[in-house]
Amino acid sequence: MASPGKIRNRKPFGSSSRSESYDQDDEDHVNAVYQRPTARSAFEQALDTPKASVAVVGVLTALAFALRFYKINHPDQVVFDEVHFGKFASYYILRQYYFDVHPPFAKLLFGLAGWFVGFDGHFSFDNIGDSYTENHVPFVGMRALPAILGSLTIPVVYAIMKETGHSTIVAAFSACIVLFDNAHVAQSRLILLDATLIFFLALTIYSYIRFRKLRYWEFSVEWWGWLIATGFFMACAWGSKVNGILTVLTIGIAVLVDLWDILDIKKGHTLEYFWKHFLARALGLIVVPFIIYLSFFYVHFAVLTYSGPGDSFMSPAFQQTLIGNELLMHSQELRYYDVITLKHRDTKVFLHSHPERYPLQYEDGRISSQGQQVTGYGYEDANNHWQIIPTKALPEAGRGRVVQHEDIIQLLHVNSQTLLLTHDVASPLMPTNQEFTTWPKDDHSRHNDTLFYLDLVDGTAGDTWKSKSGHFRLVHVPTKVSMWTHSKQLPDWAFKQQEINGNKNSMEKSATWYVDEIISTDSNLDLAEINTPKEPKKLGFFRKFAELQLLMLQHNAGLTASHPYASSPINWPFLISGISFWTENDTQKQIYLIGNAVGWAICVIFIAIYVGIISADVVARRRDIEAIPEHIRNRLWNSAGFFFLIWAVHYLPFFLMSRQLFIHHYLPSHLASALLAGSVLNFILSDTINFPISVAGRRTHMRPSEYADLGAKGPILVGVFAAIMFAMFVFMAPLTYGTPGLDGDAVNSKRLLSSWTLHFAAKNT
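Residues numbered from 1 in each chain as written. Predicted model: local features only at pLDDT ≥ 70, side-chain atom pairs only at ≥ 80, totals over all residues. Heavy atoms only, no water.

J.: Can you tell me about the overall build of the protein chain, naming the residues and giving the values?
T.: Along the backbone of the protein chain there are 22 helices and 14 strands. Seen through its C-alpha atoms, the protein chain measures out along the principal axes to roughly 105 × 75 × 55 Å. Looking at the protein chain residue by residue over its 765 residues, the buried ones come to 56%. A total accessible area of about 32700 Å² is found for the protein chain, and carbon and sulfur atoms account for 60% of it. (Helix = DSSP H or I, 4+ residues; strand = E, 2+ residues; numbered from the N terminus. Buried < 20%, exposed > 50% of the residue type's maximum accessible area, 1.4 Å probe, protein only. Areas by Shrake-Rupley, 256 points an atom, 1.4 Å probe, with all protein chains shown as cover.)

Dropping the structure here:
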């Protein structure tokens, strides 16, 4: 640190020394009345020592482990989404490819935990209530992973509050809100993703705060260390669950605010200085996290090398990289005059035709061609057989008889000896689309209407058409429509089969088909010989990564089906409804995910108080009224403001989503609200704070220090609050742990709100 003489002789504000001018703008180094540490209350002095702090966090951590590991072996059955995430762990152990909307990091950890405790992967987690004990599944070891991470979240919350300058008692207050929360405990005791997400969210917050506190030691080893740590933990949160991207957005906003402040010309910084900070943050918070995120998928692909239940979600090229995949084993080149069956990729119906004809007039009065019906049929049938007819001269043998991308072909319906045809006649169910029918092969008057262009998906010139893997669109040459189908059934006159019609968007993605089977071939090759297993093909990592990311986004957005326990984001902070995780009828036991009503109410109240304080301060300052001391205001806007930002970014985006939403999506925001509640409590109880909290640099302009003093009222109030929270936790514990069973009256007593859909409740008389 500089000597007093050097401090007095510093250059005035606005000089060319960038570090001096930057230091002077620190929120923590401001003019304040000096307060001796020994002048504080006895309670504050006793609790503010390092030994007392270690003792407090030690007790909180021990309680966290006790509450989360208590009866972790109950129930010994599959609970709620363990049917998904337990199953995914088994796929990693068996190395079978699966598909899920969430990134793989947390699920990889579950797979590793299962492997470590001896799980062989052969239990399939099919249904809620399936027994672990009867199937010899080491489920306790797998549940221990989230329990450990959930328990370790408590000391991280405590550390966050201490690092932001709050006293031991305030840090304990925030930690208790999470420690005694029934929803956090319930999520942490099961094979679910939320505990992993929340743990790494907390570590991201902690690391970023430590990074910001070193801003006077910019570009030092420790500064770089906490910057990289922030990026690493942020990537872990992002890689744990799809909504972990909100953690990335949170840090991104905070960094933009920081860079905007550095860019201010009034700070005296050069553009070179700004760009150094920009590039450093880009490296630590963009490049490093992205590399870590990519590494999760690299491991994911490296482990899942065998064919599995996720194959069908992926492209043919992707599927053929998996050992034992059907496309890899049975895909073969198609030749002219092969007889084949064609299947729609999405609805899985066969292209089908039968002698029956379209009615002359439809119910809406439109007229048809009365041609032979072409439909989609869900079962194997001889009327599904089509022969590939060339429209060009072919050699007697050789590669010239192989069908290729962009070939013009005809399809002959084998049983009726008619050619597939479409024309400018409206289809039965969709007047905007074209009717598909057939035409006698010997009648050449409509030859052009039977010509179709073979468009292989992602095909290039010279690519061969293959069964199983050769996904394609069949585009009509004269009218440019694609052969398409949808799930709506035709009337009884078509035996309630699916309609086949011509979609005017020739590039429609859902107009994709594939050849399911070769019935007979003109080739001299033996089909049994062709179907022998082949070596997996290679596909670049980035192609696989990009394909999977797109599918994850599409399927996540598509989760719009109704669910009995889905809820609206507006309900979450108020605990309007929870989620039934598990029930056992014989014993009337149940697990119902719901938060601790006391803790959640406090968080909502303190969020409202914080918004009120900030709003009132803004209005007062417009009238030149300084109602809050500058150093207190800085702490409210920066530390508490950062917590509010975390809460808002992890909560408000859900209002824009149309997918299924549940109360557990609010848990990251609840963690942030617990941090904010601690800051607001400190503001309410005392007008003192601990500062400075940042690490002073060699040339930092030091200011008089101040120490927070909540007096005796702080420990007493927090002690009473913790006792009430614990009492509420114990009261709701039968719904959290799923034991003991409750009779109808006891269930009714636990229902604090009528909107809670608890099982086994007694009927009101």
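There is more to say after this.
J.: Lay out the side chain of Thr 168 with the relevant residues and their values.
T.: Position of Thr 168 relative to the elements: it lies in helix H8 (residues 168–179). For Thr 168, the side chain forms a polar contact with the side chain of Lys 162, separated by 2.9 Å. With residues near it in sequence (within four places) discarded, Thr 168 still touches Leu 47, Asp 48, Ser 53, Val 56, Tyr 158 and Lys 162. (Polar contact = N/O pair within 3.5 Å; in protein donor to acceptor, adjacent residues only side chain to side chain. Contact = heavy atoms within 4.5 Å.)

J.: Go over the pattern of salt bridges with me, naming the residues and quoting the values.
T.: By the definition in use, this model includes 22 salt bridges. The closest approach of N and O atoms between Asp 407 and Lys 392, which form a salt bridge, is 3.6 Å. Of this pair, Asp 407 sits in the loop between strand E4 (386–390) and strand E5 (408–413) while Lys 392 sits in the loop between E4 and E5, placing them 15 residues apart in sequence. (Salt bridge = Lys/Arg side-chain N within 4 Å of Asp/Glu carboxyl O.)

J.: Please provide a residue-by-residue account of helix H7 (residues 139–163), values included.
T.: Over its 25 residues, H7 extends 37 Å from the first C-alpha to the last, a length consistent with the 36 Å expected when each residue adds 1.5 Å. Its axis deflected by about 25 degrees at Leu 145, H7 carries its strongest bend there, up to four residues before the proline Pro 146. Within H7, 20 of the 25 residues are buried, leaving the element largely enclosed by the surrounding structure. (Expected span 1.5 Å × (residues − 1). Bend = angle between axes of the 7 residues up to and from the residue.)

J.: Tell me about unusual backbone geometry, and please be specific about residues and values.
T.: Geometrically, the link from His 74 to Pro 75 is a cis peptide bond, its omega value of -10 degrees lying close to zero. Following Thr 739, the chain continues to Pro 740 via a peptide bond in cis, the omega torsion being -5 degrees. The backbone of Phe 125 sits at a positive phi, close to 50 degrees, despite the residue not being glycine. With respect to the element layout, Phe 125 can be found in the loop between helix H6 (105–116) and H7. You can call Phe 125 buried: its relative accessible area is 0%. Positive phi outside glycine occurs at Gln 588, with the angle close to 55 degrees. With respect to the helices and strands, the residue Gln 588 is situated in the loop between strand E13 (579–584) and strand E14 (589–593).

J.: An account of the pairing of E5 is requested, with residue identities and associated values reported.
T.: In terms of residue burial, E5 counts as a mostly covered element, since 5 of its 6 residues are buried. In this sheet, E5 lies alongside E4 in antiparallel orientation, the contact comprising 5 bridges. Its bridge partner lying in E5, Gln 387 is registered against Leu 412. As defined by bridge partners, E5 adjoins strand E8 (residues 452–456) across 2 bridges and the pair is classed as antiparallel. The partner of Ile 409 across the bridge, within E8, is Phe 452. In this structure, E5 lies alongside strand E6 (residues 418–426), joined through 2 bridges in antiparallel fashion. Bridging across to E6, His 413 finds its partner in Thr 418. (Pairing = 2+ DSSP bridges.)

J.: Talk me through a nonpolar patch on the surface; I want residue IDs and the actual numbers.
T.: Together, Trp 260, Leu 263, Leu 271, Trp 275, Phe 278 and Leu 279 give the surface a local cluster of nonpolar side chains, amounting to about 690 Å² of exposed area. For the nonpolar patch, the element with the highest residue contribution is helix H13 (residues 271–303), accounting for 4 residues. Along the chain, Trp 275 turns up in helix H13. On the basis of relative accessibility, which here comes to 45%, the residue Trp 275 falls in the partly exposed class. (Patch = residues over 30% accessible without salt bridge, like charges linked within 9 Å, V, L, I, M, F, W, Y side chains within 5 Å.)

J.: A description of the nonpolar core should follow, citing residues and the corresponding values.
T.: Side chains that are nonpolar tend, in soluble globular proteins, to be buried together. The biggest cluster of nonpolar side chains holds 168 residues, and the ones touching the most others in it are Ile 160, Ile 205, Phe 581, Phe 642 and Phe 643. Sort the elements by how many residues they give to this core and helix H10 (residues 194–213) lands first, with 12 residues. Among all residues touching Phe 643, those that are not within four sequence positions of it are Ile 160, Met 161, Thr 164, Ile 209, Ala 672, Leu 675, Leu 676 and Ser 679. (Core = buried A, V, L, I, M, F, W, Y, C linked by side-chain atoms within 4.5 Å.)

J.: If you had to explain the side chain of Ser 673 to someone new, which residues and values would you point to?
T.: Topologically, Ser 673 is positioned in helix H20 (residues 667–685). Once you skip the residues sitting within four places of it in the chain, Ser 673 turns out to touch Cys 603, Ile 607 and Trp 647.

J.: How would you explain the packing of helix H18 (residues 597–622) against H20 if you had to name every residue and give the values?
T.: Look at H18 against H20: their axes get within 8 Å of each other, and the N-to-C directions meet at 60 degrees. For the element pair H18 / H20, the angle class is oblique. The interaxial crossing formed by H18 with H20 has left-handed handedness. Residues Trp 600, Cys 603, Phe 606, Ile 607, Ile 609, Tyr 610 and Ile 613 of H18 lie in contact with H20, whose contacting residues are Leu 667, His 670, Ser 673, Ala 674, Leu 676, Ala 677, Val 680, Leu 681, Phe 683 and Ile 684. Of the residues belonging to the contact of H18 with H20, the class tally is 15 nonpolar, 2 polar and no charged. (Axes fitted to C-alpha atoms, helices over the stretch in contact; angles between N-to-C directions. Parallel < 35°, antiparallel > 145°, perpendicular 65-115°, else oblique. Left-handed = near helix turned anticlockwise from the far one by under 90°. Nonpolar A, V, L, I, M, F, W, Y, C, P; charged D, E, K, R; others polar.)

J.: Please set out the packing of H10 against H20 residue by residue, giving values where relevant.
T.: Angle between the axes and distance between the axes: these two values describe a pair of packed helices. Where H10 contacts H20, the axes come no closer than 10 Å and their chain directions differ by 40 degrees. Comparing the axis directions of H10 and H20 gives the class oblique. Of the two possible hands of crossing, H10 and H20 adopt the one that is right-handed. On the side of H10, the interface is formed by Leu 197, Ile 198, Leu 201, Ala 202 and Ile 205, while H20 contributes Leu 667, Pro 668, Leu 671 and Leu 675. For the contact of H10 with H20, the class distribution of residues is 9 nonpolar, no polar and no charged.

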